[in-house]
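# Architecture and fold: a report
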Amino acid sequence: MKYRSKRPLCRVHCKWYLSTFFFLCTLFNVVSAQNEQTVTGTVTDERGTALTGASISVKGTSIATVAGENGMYRITVGGNGTLVVSSVGYASQEVPVQNRSEINVVLRAAATDLNEVVVVGYGTQLKKDLTGAVSVVKAADVLKRQSTTVAEALQGLTTGIRVRGGGQPGAEALIQIRGAKNLTGTNPLYVIDGLITDANRDFNSFDIQSIQILKDASAAAIYGSRAANGVIIITTKQGKSGPMQIQASARYTVQKMPLYDLMETPEFMKLNYQAYDNAGVSRQKLDSTVNTDWQDVAFRTGSAKDLNMSFSGGGNSGSYYVSGGYFGNKGTVIGTKFDRYNLRVNTQGSKGIFSIGENLAISNANVADMQGNPVVDVYRLLPTIPVYDNTHPGGYGYGDEQKARTFGTNPLAIANIVNSGVDNFRVRGNLWSELKFTSFLKYRLNLGYETSRDHYKYLKKDGFWTLNQSYDPSIANENRASYENKLVENTLAFKEKYGKHDVSAILGQSFQKQTYAQIWGSKRNIVQDASGHYYDVLDQGDGGQLGGYRQEADLISYFGRVEYAYDNRYLINGVLRYDGTSRLGTGHKTGYFPSISAAWRISGEKFFNVSWISDLKLRANYGTLGSSNIGYYDPFPVINTFPTIAMGRDQHIEHLGTQVKLTNPDLRWETLEQQNYGFDVSFLNNKLSLTGDYFIAKTRDVLYGAPILMTTGNDGGNPLVNALSLQNSGLELALTYRGNANAFNYGGTLNFTAVRNKVLKLGYQGNDLFTGLTRTTVGQPLGLWYLLKTDGIFQTQNEVNNYKNSKGQLIQPNAKPGDLRFVDLNDDGQITNSDKMDMGHAWPKFETGLNLFGSYNGFSLTMDWFGSFGAKVINGPRIAMDGFSDNANYRKGIQPWTPENPNTNTPRALYASTLNSRGDIDRWLESGSFARLKLISLSYDLPKEWLTKIGFTNAQLSVSGQNLITITKYTGLDPEFNNANIYERGYDFGAYPNLKMFSVGLNFGF
């Protein structure tokens, strides 16, 4: 009997089940594919302007894209899905797809976008989840202003920062975040695309995508010892998915120098003779036939050209952004200029779990230096001196002992005789890669590199430019320097959500190595050819000298951060960083810098039911930061190998070495402890927002160059010690509103910053520090003006004779009617330094910015005001112009005291005497308060129907003005002057002023 084999029943059933399962899966995929569709459209604002970079995502998924340069987007989504569309500065929208293939979205302006992504140290956060004090500045607001550096353009745009710049080509602005935390005046730490660097004059602002300013210790603690002065994080533009987009911009600016109102020859001669007559000195033989306007000689109309173009695009797995730019600035002072060329290449790509990218910037900059200080020389020189004088060697006029004795420098002469400048070639960037192991865990490697090559050249030709100048032969000097900055960082990031619990963490390691080397040489008696041209190379001439040095510094760090949020209501953030530096002394090289911050979103609580409040959050934090902003080798003795000695019968030369500067091997970290308490609240569906912060920052062990007697053998500068403690406390408020009425969009931001600094501790038994015209003492701000107080003008000899102390002693026996009366503070019967008193300081009581905008049918108007109030400043140029004690020009219309003109606050003109003109008196102290229109800009976006005919996606014409209106009582050129001296910030020594600027611009894309 034969039996036919039978398949097991389970096998038959299994195959049937598997076949059925695969059939259903296939059917499900087909149905799903049929339900998915491609949606295209545009994202614009209410006036039709394309919102480039707007984010479009599918709600509940990881599918997302961004709008291209023309606002267009393309995304794949299910027919019943929902698009979430957002852009910085606009209220987010959720749009149901409803099987539509084209969806055009119009976003409305919002005072604050709580879902805005903010870049923080080694990561990002949503704005609504911030627990620290972080300010966000839009790149568009920076680009509206014509500036050489990023710092200049930040003034008045956010709270907590103080910026002082000037109009000199290539000059870099001084910026402080939340007050003076040390004595070095160090700028904040700049982080550009993850590279620790500087946003100096060779950085192109056109490439900026976003700017974040980390102001408190909790926000900046992730950067540890480098962050004590705050952190400015700059992210540059990246390519977007889609076809290539080309953007171009061109701007031309005319610059005008503010001028002194000075006397011409007839008025000057009359007053100069009066000063000589009052002093009993024979008059000069002034040349009445000459009437030189030295401001016309030294100053000119300046100009700036700013040209940029970018190419960007990408696909699903990568993107690119390439830009090039040129910035050229012909200065308002003869002989000055600044030129810069920039190239940037940013690319990124991904495949599977692996991503890689780079950010590369190349720049070449050239600065032609200003020779001398023409801002001072134009009033130091007399109008009776001619520009050219054939009786002088070289043929330039600069006065003489008989006809015009002056200390001024002929600005045209020195500009023609002396030429100097710096060429700087810089390459900087970073290469990064990421491995995304899971949806919640990724590793990142960041390799940063920066190198610069500086070439300084100086040539002094034969010639003279000032009176009594000693002869010096022609001189050529060259200086070549190289700088390298290497950075290696490894980070592991975790981010996951468990129900209502959001947890993220990062662990990292960082190593940075900086190397600086310099070599220099000089020669004298440089050879000329037959036409008078100088061979400015160092194989010519004689008397050669050369030198050089090399410096290195290392910083190694380990850091970690943990962030936790529950139900988007309770947020906490903790950071710990360990730093080790080679710059500090043995035993003090390492430091730990922790911080903790927390926030409570009250508006998320069930008990909170206030319909007109959209969001309300309270914040508090505490943290520590460090600083080692000193030289490479300050804790270590340096040997000077230049000395030589002749030895023996043959008098041969032996080289010696000597330590010329005492050092302190126990230098340790400056440590900043900071508390911050703040709130963020928005109203009326986020149309109105208010942010406030109060902070207290204490810096301990502040590094200070302590003056010591030269009898100790110290002749190389003051050695550093950890001698001081400082405190800065302040209040910051920012109020923003955005609204619209049909096609009219409008809004504005008002920000307010008040910072108080004071000295908590002084080293060396607490003795006061005296620097220039200032005194620094415990319990008071840095750099109090320490001056003699005046009490009017003596009108008669009887007043002089009756001005006595309590003991009947005549206080000013040498005074005459018309002279200043000084206060005898200590009642000792004489005017000495012991009679000086504190008379305010240069730190403003508060600063404020008002930024307004409006737009209608393609037209946009922007107006930025900035004000600084409460500072007391010294008007240095007035000491020369109103002092009459030496030969300088005078302010037009000034009326010094005479018996016929007693009703004046200007004492009698008196030559060769400091009785009324000494620099340490309150006569020169003025209010430094001012309000200034920093920017007014009008732009017009050409209609789309015009642009499509020529293939453009966008085009904008603009006109603008900067520094056009200044409201102040200060009588100098500019109340917004810059002085880097931490003690005498308010001393105007004849600083290069801010300029009035008029610009026209064109931006377009296709």
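Residues numbered from 1 in each chain as written. Predicted model: local features only at pLDDT ≥ 70, side-chain atom pairs only at ≥ 80, totals over all residues. Heavy atoms only, no water.

### Observations regarding the overall build of the protein chain
What the protein chain contains, in helices and strands, is 12 helices and 52 strands. Across its three principal directions, the C-alpha atoms of the protein chain cover 150 × 80 × 70 Å. A burial count over the protein chain gives 51% of its 1006 residues as buried. Of the roughly 45500 Å² that the protein chain leaves accessible, carbon and sulfur atoms contribute 56%. (Helix = DSSP H or I, 4+ residues; strand = E, 2+ residues; numbered from the N terminus. Buried < 20%, exposed > 50% of the residue type's maximum accessible area, 1.4 Å probe, protein only. Areas by Shrake-Rupley, 256 points an atom, 1.4 Å probe, with all protein chains shown as cover.)

### A closer look at the sheet that holds strand β3 (residues 64-66)
Pairing is antiparallel across the open sheet formed by 4 strands, whose spatial order is β3-β2-β5-β6. The open sheet has two edge strands, β3 and β6 (93-96), and neither has a second partner. For this sheet, the mean inter-axis angle between neighbouring strands, taken without regard to orientation, is 20°. In this structure, strand β2 (residues 55-58) lies alongside β3, joined through 3 bridges in antiparallel fashion. For serine 57, the partnering residue across the bridge sits in β3 and is alanine 64. (Pairing = 2+ DSSP bridges. Axes fitted to C-alpha atoms, helices over the stretch in contact; angles between N-to-C directions.)

### Digging into the pattern of salt bridges
Going through the model one piece at a time under the given rule, you end up with 50 salt bridges. In this structure, arginine 344 and aspartate 207 form a salt bridge, with 3.4 Å as the shortest nitrogen-oxygen distance. Residue arginine 344 is found in strand β20 (residues 337-351), and its partner aspartate 207 is found in the loop between β14 (195-197) and β15 (208-214); the two are separated by 137 residues along the sequence. Neither residue differs from the other here; arginine 344 and aspartate 207 are each classed as buried. One salt bridge in this structure joins arginine 775 and aspartate 768, with 2.6 Å as the shortest N-O distance. Residue aspartate 768 is classed as partly exposed on the basis of its relative accessible area of 26%. Members of the salt-bridge network, linked through shared partners, are Asp202, Arg426, Arg428 and Glu450. (Salt bridge = Lys/Arg side-chain N within 4 Å of Asp/Glu carboxyl O.)

### A short note on the UniProt feature "domain: TonB-dependent receptor plug" (unreviewed entry) in the protein chain
Mapped onto this numbering, the UniProt entry gives "domain: TonB-dependent receptor plug" (unreviewed entry) at residues 127-231. In residues 127-231, helix accounts for 13% and strand for 27%; the two terminal C-alpha atoms are 17 Å from one another. (UniProt positions renumbered as here; feature names shortened; annotations may be inferred.)

### Quick word on the side chain of glutamine 155
Position of glutamine 155 relative to the elements: it lies in the loop between α3 (150-154) and β11 (161-164). A distance of 2.7 Å separates the side chain of glutamine 155 from the side chain of glutamate 976, its partner in a polar contact. (Polar contact = N/O pair within 3.5 Å; in protein donor to acceptor, adjacent residues only side chain to side chain.)

### With respect to the pairing of strand β52 (residues 996-1005)
Two faces belong to every sheet, and in a regular strand the side chains alternate between them. Note: strand β17 (residues 242-256) against β52, 10 bridges, orientation antiparallel. Counted as the bridge partner of threonine 253 is serine 999 from β52.

### Some details on the sheet that holds strand β4 (residues 72-78)
Where strands meet in a sheet, backbone hydrogen bonds hold them as pairs that are either parallel or antiparallel. Strand order in the open sheet formed by 3 strands is β4-β1-β7, and the pairing between neighbours is mixed. Both edges of this open sheet fall to β4 and β7 (105-107), since each of them pairs with a single strand only. Strand-to-strand twist across the sheet, computed as the mean angle between neighbouring axes with direction ignored, equals 35°. Relative to β7, strand β1 (residues 36-45) runs parallel, the two being bridged by 3 bridges. Note that in β7 the partner of aspartate 45 across the bridge is leucine 107.

### Overview of the packing of aromatic side chains
Tallied over the entire structure, the rule returns 30 aromatic pairs. Relative to phenylalanine 1006, the ring of phenylalanine 1004 lies with its centre 6.3 Å away and its plane at 10°, an arrangement referred to as stacked. Taken together, the ring pairs connect Tyr122, Tyr223 and Phe559 into an aromatic cluster. Its guanidinium or amino end placed over the ring of phenylalanine 206, lysine 237 lies 4.4 Å from that ring's centre, counting from NZ or CZ. Taking the ring centre of tyrosine 632 as reference, the NZ or CZ of arginine 583 above it sits at 4.5 Å. (Phe/Tyr/Trp six-rings, centres within 6.5 Å; stacked < 30°, edge-to-face > 60°. Lys NZ or Arg CZ within 6 Å of the ring centre and 35° of its normal.)

### Focus: the side chain of aspartate 693
On the secondary structure map, aspartate 693 appears in strand β35 (residues 688-705). Note on aspartate 693: relative accessible area 5%, which makes it buried. The contact partners of aspartate 693, leaving out residues within four places of it in the chain, are Ala133, Arg178, Arg619, Asn676, Tyr677, Gly678, Gly730, Leu731 and Glu732. (Contact = heavy atoms within 4.5 Å.)

### Some thoughts on a nonpolar patch on the surface
Taken together, Tyr252, Phe859, Leu861, Leu938, Val959 and Val1000 make up a surface patch of nonpolar side chains, about 520 Å² in accessible area. The residue valine 959 is located in strand β49 (residues 954-962) in this model. You can call valine 959 partly exposed: its relative accessible area is 43%. (Patch = residues over 30% accessible without salt bridge, like charges linked within 9 Å, V, L, I, M, F, W, Y side chains within 5 Å.)

### Focus: the environment of threonine 658
Within the element layout of this structure, threonine 658 appears in strand β33 (residues 658-659). Residue classification places threonine 658 among the partly exposed residues on the basis of a relative accessible area of 33%. It is 8.3 Å that separates the C-alpha atoms of threonine 658 and valine 638, two residues lying 20 residues apart in sequence. Here threonine 658 is in contact with Val638, Ile639, Asn640 and Pro643, once residues within four sequence places are set aside.

### Focus: the environment of alanine 54
Looking at where alanine 54 falls in the secondary structure, it is placed in the loop between β1 and β2. When the C-alpha positions of alanine 54 and leucine 107 are compared, they lie 9.8 Å apart, and in sequence the two are 53 residues distant. Filtering out sequence-adjacent residues up to four positions away, alanine 54 remains in contact with Val43, Thr65, Val66, Ala67, Ser86 and Ser87.

### Focus on the pairing of strand β25 (residues 501-524)
Here 24 bridges tie strand β24 (residues 475-498) to β25, and the two strands are oriented antiparallel to one another. Its bridge partner lying in β25, alanine 493 is registered against isoleucine 506. Connecting the antiparallel pair β24 and β25 is a turn made up of 2 residues, with glycine 499 showing a positive phi of about 65°. Sheet topology note: the β25/strand β26 (residues 542-566) ladder contains 23 bridges and is antiparallel.

### Description of unusual backbone geometry
A negative phi angle is the norm for most residues apart from glycine, just as the trans form is the norm for most peptide bonds. Unusually for a residue other than glycine, arginine 178 sits at a positive phi of about 60°. Along the chain, the position of arginine 178 falls in the loop between β12 (174-177) and β13 (189-192). By relative accessible area, arginine 178 is classed as buried at 1%.

### Considerations on the environment of alanine 180
Along the chain, alanine 180 falls in the loop between β12 and β13. The class for alanine 180 is buried, based on a relative accessible area of 2%. Considering only alpha carbons, one finds alanine 180 and arginine 162, 18 residues apart in sequence, at a separation of 9.9 Å. Leave out the neighbours within four places in its chain, and alanine 180 touches Leu726, Asn728, Leu782, Trp843 and Ile982.

### Observations regarding helix α5 (residues 265-279)
The end-to-end C-alpha distance of α5 is 21 Å, a good match for the 21 Å that 15 residues give at a rise of 1.5 Å each. Listing the buried residues of α5 in full gives Thr265, Phe268, Met269, Leu271, Asn272, Tyr273, Ala275 and Tyr276. Directly after α5, the chain includes glycine 280, whose backbone phi takes a positive value near 70°. (Expected span 1.5 Å × (residues − 1).)

### Focus: the confidence of the model for the protein chain
Averaged over the protein chain, the pLDDT score is 89; the fraction of residues at 70 or greater is 95%. A low-confidence stretch, residues 1-34 (pLDDT under 50), is modelled with 1 contact involving residues beyond four sequence positions or located in other chains. (pLDDT = per-residue confidence, 0-100.)

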